[in-house]
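Spelled out, the chains give:
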Amino acid sequence: MNGLETLVESTIDSVHVSAADKKVSIELTCAWEGKQRKKIVATGVEDFIADELRLSNIVDRVHFFAAADFQENISTITDNLFFLMRGKSPSSSDREWEPLKEKLRSISSGVLKLLVVEPVYGATIILLASEMQLMEAIG
């Protein structure tokens with residue numbers, strides 16, 4: 001997913017979740033590029049968490065992990081995926097948990113992608129979905 005560097009220091013304006021459609025949309029206002037509005041749209045969502053979501057949320061950085069990034073980022077992917085699934089950091093024995101290993105296989109094979117939004121302030125957002133894209137927000 002290209003263009004994620006434009007989201008540094010952006011603010012999260014809204015998070016829309018549709019459990020029925022397995023879709024999550026995150027609308028942001030960029031600190032750069034003339035306060036341009038962007039939207040991350042995830043479809044085929046398997047799991048999602050917005051931890052510490054507040055009225056004001058400022059993005060530090062956004063990481064997107066797909067099959068091509070898997071080997072060089074396996075530790076980071078594992079830690080974030082386990083936090084998404086269990087709400088805590090994994091111990092060494094947790095890394096052998098079969099549901100975690102199954103999701104890791106889905107990422108390494110390209111079936112699923114992982115998105116991690118790290119905050120300066122506010123929400124950490126982690127998304128596991130089959131498709132994600134960054135686009136211009138309308139309105």
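For the structure, see preceding data.
Residues numbered from 1 in each chain as written. Predicted model: local features only at pLDDT ≥ 70, side-chain atom pairs only at ≥ 80, totals over all residues. Heavy atoms only, no water.

Chemist: Quick question: what am I supposed to make of the overall build of the protein here?
Modeler: Along the protein, the regular secondary structure elements total 2 helices and 6 strands. Against the compact-globule benchmark of 14 Å for 139 residues, the protein has a radius of gyration of 15 Å, which places it among compact chains. Across the protein, the fraction of contacts at a sequence separation of at least 24, relative to all contacts at a separation of at least 6, is 58%. About 7400 Å² of surface is accessible on the protein, with carbon and sulfur atoms providing 48% of the total. Placing the 15 positive and 21 negative side-chain charges of the protein at their respective mean positions leaves the two points 3 Å apart. (Helix = DSSP H or I, 4+ residues; strand = E, 2+ residues; numbered from the N terminus. Rg over C-alpha atoms; globule rule 2.2 N^0.38 Å. Contact = heavy atoms within 4.5 Å. Areas by Shrake-Rupley, 256 points an atom, 1.4 Å probe, with all protein chains shown as cover. Lys, Arg positive; Asp, Glu negative; His and termini not counted. Charge placed at Lys NZ, Arg CZ, Asp CG, Glu CD.)

Chemist: What should I look at first to understand the nonpolar core in this one?
Modeler: Within soluble globular proteins, side chains that are nonpolar tend to cluster in buried spots. L7, I26, L115 and L127 are the most contacted members of the largest nonpolar core, which totals 22 residues. Listed by contribution, the elements that provide at least two residues to this core are β2 (23–29), β3 (37–51), β4 (58–65), β5 (113–121) and β6 (124–136). The element best represented in this core is β6, accounting for 5 residues. Setting aside its immediate chain neighbours within four residues, I26 contacts I12, S14, V15, K38, K39, I40, I125 and L127. Grouped together as the second largest cluster of nonpolar side chains are 14 residues, F65, F82, V116 and I126 included. (Core = buried A, V, L, I, M, F, W, Y, C linked by side-chain atoms within 4.5 Å. Buried < 20%, exposed > 50% of the residue type's maximum accessible area, 1.4 Å probe, protein only.)

Chemist: Looking at this structure, I do not really get the packing of helix α1 (residues 74–86) against helix α2 (residues 98–108). What am I missing?
Modeler: To describe two helices that pack against each other, one gives the angle between their axes and the distance between the axes. Where α1 meets α2, the axes come as close as 10 Å, and the angle between the chain directions of the two elements is 125°. One element, α1, and the other, α2, form an angle in the oblique class. Between α1 and α2 the crossing geometry is right-handed. Contact with α1, carried on its side by I77, T78, L81, F82 and M85, involves P99, L100, K103, L104 and I107 of α2 and no other residues of that element. (Axes fitted to C-alpha atoms, helices over the stretch in contact; angles between N-to-C directions. Parallel < 35°, antiparallel > 145°, perpendicular 65-115°, else oblique. Left-handed = near helix turned anticlockwise from the far one by under 90°.)

Chemist: For this particular structure, what's the right way to read the environment of A20?
Modeler: Mapped onto the fold, A20 is located in the loop between β1 (11–18) and β2. Accessibility expressed as a relative area gives 78% for A20, which makes it exposed. Sequence separation of A20 and S75 is 55 residues, and the distance between their C-alpha atoms is 32 Å.

Chemist: For this particular structure, what's the right way to read the environment of K38?
Modeler: You can see K38 is positioned in strand β3. On the basis of relative accessible area, K38 is assigned to the buried category, the value being 9%. A C-alpha to C-alpha distance of 5.3 Å links K38 and L28, two positions 10 residues apart in sequence. Only 3.1 Å separates the side chain of K38 from the side chain of E136, close enough to count as a polar contact. (Polar contact = N/O pair within 3.5 Å; in protein donor to acceptor, adjacent residues only side chain to side chain.)

Chemist: How do you make sense of the pattern of salt bridges when you look at a structure like this?
Modeler: Between side chains of opposite charge, a pair can form when the charged atoms approach closely. Throughout the structure, instances matching the rule amount to 11 salt bridges. Here E118 makes a salt bridge to R61, at a shortest N to O gap of 3.0 Å. Here E118 is found in strand β5, whereas its partner R61 is found in strand β4, with 57 residues between them in sequence. Residue K101 pairs with E96 through a salt bridge whose shortest N-O separation is 3.3 Å. What makes K101 partly exposed here is its relative accessible area of 28%. A single salt-bridge network, built from bridges that share partners, covers D13, E27 and R37. (Salt bridge = Lys/Arg side-chain N within 4 Å of Asp/Glu carboxyl O.)

Spatial relationships are all this shows, so hold off on functional conclusions.
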